[in-house]
Amino acid sequence: MKPMAWMLAGVLGAASGMAAGETDDAKQVFSLASPAVVTVRTEDGQGVAEGQGSGVVVAPERVVTNCHVIESAPVIRVFSGDKGLPAIWLRRNAVQDLCLLQVDGLGAVPARLRQGPVPKVGEPVFAVGNPLGFGLAVSAGLVAAAEQTQPHPYLVSTAPQSPGSSGGGLFDREGRLVGVTRAILGTGQNLNMAVSAAGVAGLLAGGEAPPAPVLMPAPEKRWLPEAETLIRSEDWGALEAHARAWTAAQPESAPGHATLGQALLRLQRLPEAEAAILRALQIDPFLFWAWTHLALVQYAQGTPAAAEASLAKADAIHPINAETAVRRAEWLRGQRRLDEARAHAKEAVRRAPGWISAWRLLGQIEDELGLHQDAARALSAAARLGDVDGAVRSRLAELYAQSGKVDDASRLSAGAEGSRREQARTQLVLGQGELKRGRLGPAEEAMRKAVVLAPDLADAWSGLAVVLMRLGRPQEAEAAAEKAVAQAPTHADMLANRAGVRMELNKLPEAIEDARRAVELDPKALHGWRMLSLAYLKAGKPREAAMAYQKLDGMVSMTADELVSWAEAMLGTGNPDQALFILRRAEAADPKLLRMCLTTAKALGAKGDVAGALAYEERALLIDPVNVHAWSGKGYALMKLGRLAEAIEPLETAVRLDPNMANAWINLGEAQLRSRNLGRAIQSLEKALTLSPTAMDARYYLAQAYLGARLPQKARENAQRVLERQPGAAPVMTLVVLSHLMENNLQAASDAYLPLLQRAPDAARKLRQQAITNGVAAARNWPE
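Residues numbered from 1 in each chain as written. Predicted model: local features only at pLDDT ≥ 70, side-chain atom pairs only at ≥ 80, totals over all residues. Heavy atoms only, no water.

Engineer: Got a minute to help me understand the sheet that holds strand β4 (residues 75–80) in this structure?
Structural biologist: As a general point, the strands of a sheet are linked pairwise by backbone hydrogen bonds and lie either parallel or antiparallel. Pairing in this open sheet of 7 strands is antiparallel, and the strands run β5-β4-β1-β2-β3-β7-β6 from one edge to the other. On the outer flanks of this sheet lie β5 (83–86) and β6 (88–93), each paired with one strand and no other. Recorded for the sheet is a direction-independent mean angle of 35° between the axes of neighbouring strands. Note: β6 against strand β7 (residues 98–102), 5 bridges, orientation antiparallel. Looking across to β7, one finds that Asn 93 is bridged to Leu 98. (Pairing = 2+ DSSP bridges. Helix = DSSP H or I, 4+ residues; strand = E, 2+ residues; numbered from the N terminus. Axes fitted to C-alpha atoms, helices over the stretch in contact; angles between N-to-C directions.)

Structure, rendered in structure tokens:
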């Protein structure tokens, strides 16, 4: 047999699929069938939409749809035109995913069911449904396979479908129902399943009863938040009752027993408090605050050594906590060991610079030490954080007056007498000013003081959320944003701010809902539209993001960065021309914007202008010489231009800059494969697969590299992994045949050739001829 080097070239000649076009009959079929096609919407108990699909009227006031559209829905509503009617689930055929609904008052004329022979392969069919919720639509295709009978009768067609099409009708040229659309088969093959009309007829005759509704258990009581509320109100008797109910409901709850101990401590029932806290620690010996409260009990019982040992346990669990330092400072202050007490208080404010009590304690200790200037600084910090202790503010005013700061003293005195809401608004303005100057610490202090002074001031909570986001504390920011929305639930800016916080926390459905509500409340809310656009883009909904950006573009002059985001959305919808048009605007606004260069390169590449893409990748590198995406993109463009020797260097630079970037390793491996550097190609592609095990392009290139290195078994192993995810991929099937031929295993090669012939006849015949030409005589027996 001749050398097998020609086999690798055969792998690269992949067969391409051809999509079916719409037929001229689509308009006629739509006019005949659409009156019988309805939209099926599911709702929760409050009438909020949860899901949507399609359905077909098959008898008076009877609608058939897919069971997966309506399962577990509290409420089902059927829309014919703009009219929505409640529906009742009558029965189902669970195996066929087919359900029948009763819709009283539905006047739509039922569809005609096709009788007699089932549609033949190649017969035109038309899917009518409500894809993506945009309204009834028709798509054309062909019957792709003879009617399947196992596990139940169903058809396979090429009529395109999208989410929302499920439960719609598949009709023949005469507008007769031949099936109910159900699912998309595989990935990228445009093959769709429809339950045959025979299944519809069977369901009309009879079926199974729908499943009984699932009754959700009552939510667990919010034990800890309610306990925290009682602690803040210092209602110790109520806290004891609450904690006892908590431990009765959850006997193994360590926080419950610790809370009981805290209540009993405040009620001066020390032995009972100690027993409760010890029980908590028996359940969870790492419950930090149980140790600190045990220390308080022990100190109150006159056992300071035991109390110190408990604080040491707390420090071991949470070494940078401030509470243990405050407790030691308080005890030492009580013993008049003020210098030691001051050291611990200073440690407390170092660990927790936003804790009012720690600053107040430090100021009081320093005041007692006669360090009045230091005391004023500490008490002033507590005041800035929002300390409303009257005695402390009065003492601070005195210290200011003693040091000659009369204006400051007057301000404090006046503030104590004035409106708390006015003081809060003043702090809000101060916080906003500090934020503009980039002084985030003082900004947070001012905002916190504002919300303490006026807890119902939504602007203050929203401002605090903005500051916390800038500080990189999104969880705390979300809590503040929640407070803002609670105080002003119909204020668009409050909702938009919360959307931004939730987006940072990757809570994308909640962010989208907040932004959508904001623009519904105020259609001119620019911040709302900005957040809605970004949330849609981040959630992988480019069509919706593009529509939101278009709306924003009509309201305001968009920044270059916003224009790039809009272009990314347009690329996501498969519209590189429109993306490039928008990117030209971004380039005019800021020609040195890195994102603009990278996205323009991507758009040009999508249009096949690889040379143009390369130029923008190189511009990106002038802006940011260590940008890994630009290096990888440059190497990829050079490879696609056939400049393999030049491509490898930028791709190697990309993987050096970011060894964890799987795409750069894939591009490097492909370039090395094309350059016949098979060993390095294998190393690069194996590395890519350790970073991204599901990257099928990497595995396909790896299979080619192993085959080129005359390691057919390794090539076949990787090819089979690709076929597990992409059955019927002709180039990969060809590679499997070649791997068997390389091993001279003619029977295995013949067995692998037959499914290739069925899937891609042209590619199979070409492979057969190449095998014969290269001396594989047995290939003459392979069918054509």
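Engineer: Any chance you could explain the environment of Ser 750 here in plain terms?
Structural biologist: Looking at the secondary structure, you find Ser 750 in helix α36 (residues 746–759). In this structure the C-alpha to C-alpha distance between Ser 750 and Ala 295, which are 455 residues apart in sequence, comes to 80 Å.

Engineer: Before we go on, may I ask you to explain helix α30 (residues 644–657) in this structure?
Structural biologist: Along an α-helix, residues three or four positions apart point the same way, because every turn accommodates 3.6 residues. Over its 14 residues, α30 extends 20 Å from the first C-alpha to the last, a length consistent with the 20 Å expected when each residue adds 1.5 Å. Among the residues of α30, those classed as buried are Leu 644, Ala 647, Ile 648, Pro 650, Leu 651, Thr 653, Ala 654 and Val 655. Looking at the buried residues of α30, the elements they touch are α29 (628–640) and α31 (662–674). (Expected span 1.5 Å × (residues − 1). Buried < 20%, exposed > 50% of the residue type's maximum accessible area, 1.4 Å probe, protein only. Contact = heavy atoms within 4.5 Å.)

Engineer: What is the right way to look at the environment of Met 696 in this model?
Structural biologist: Take Met 696: it is sitting in helix α33 (residues 696–708). A residue is classified by how much of its surface remains accessible, and Met 696, at 11% relative accessible area, is buried. Sequence spacing of Met 696 and Gln 726 is 30 residues, and the spatial spacing of their C-alpha atoms is 8.7 Å. Not counting chain neighbours up to four residues away, the residues in contact with Met 696 comprise Arg 721, Val 722, Arg 725 and Gln 726.

Engineer: For this particular structure, what's the right way to read the nonpolar core?
Structural biologist: Among the nonpolar cores identified, the biggest contains 136 residues, and Leu 532, Trp 566, Val 737, Leu 741 and Leu 756 are the most heavily contacted of them. The contacts of Val 737, once residues within four sequence positions are left out, are Ala 749, Ala 752, Tyr 753, Leu 756, Leu 767 and Trp 782. In this structure, Ala 26, Val 69, Val 78 and Ala 111 belong to the second largest nonpolar core, which totals 39 residues. (Core = buried A, V, L, I, M, F, W, Y, C linked by side-chain atoms within 4.5 Å.)

Engineer: It is not clear to me how the side chain of Arg 699 should be interpreted in this structure. Could you clarify?
Structural biologist: Looking at where Arg 699 falls in the secondary structure, it is placed in helix α33. Aside from chain neighbours lying at most four places away, what touches Arg 699 is Leu 689, Pro 693, Asn 718, Arg 721 and Val 722.

Engineer: Hey, could you run me through the packing of aromatic side chains in this one?
Structural biologist: In this description, an aromatic ring pair is defined by two values, namely the gap between the centres and the angle between the planes. As enumerated under the stated definition, the model contains 4 aromatic pairs in all. Consider the rings of Trp 223 and Trp 246, whose centres lie 6.2 Å apart with planes at 10°: the pair is stacked. Taken as a pair, Trp 223 in helix α5 (residues 223–233) and Trp 246 in helix α6 (residues 236–249) lie far apart in primary sequence, 23 residues in all. Taking the centre distance of 6.1 Å and the plane angle of 35° together, the rings of Tyr 700 and Tyr 701 count as tilted. By the burial criterion, Tyr 700 is buried, and Tyr 701 matches it. (Phe/Tyr/Trp six-rings, centres within 6.5 Å; stacked < 30°, edge-to-face > 60°.)

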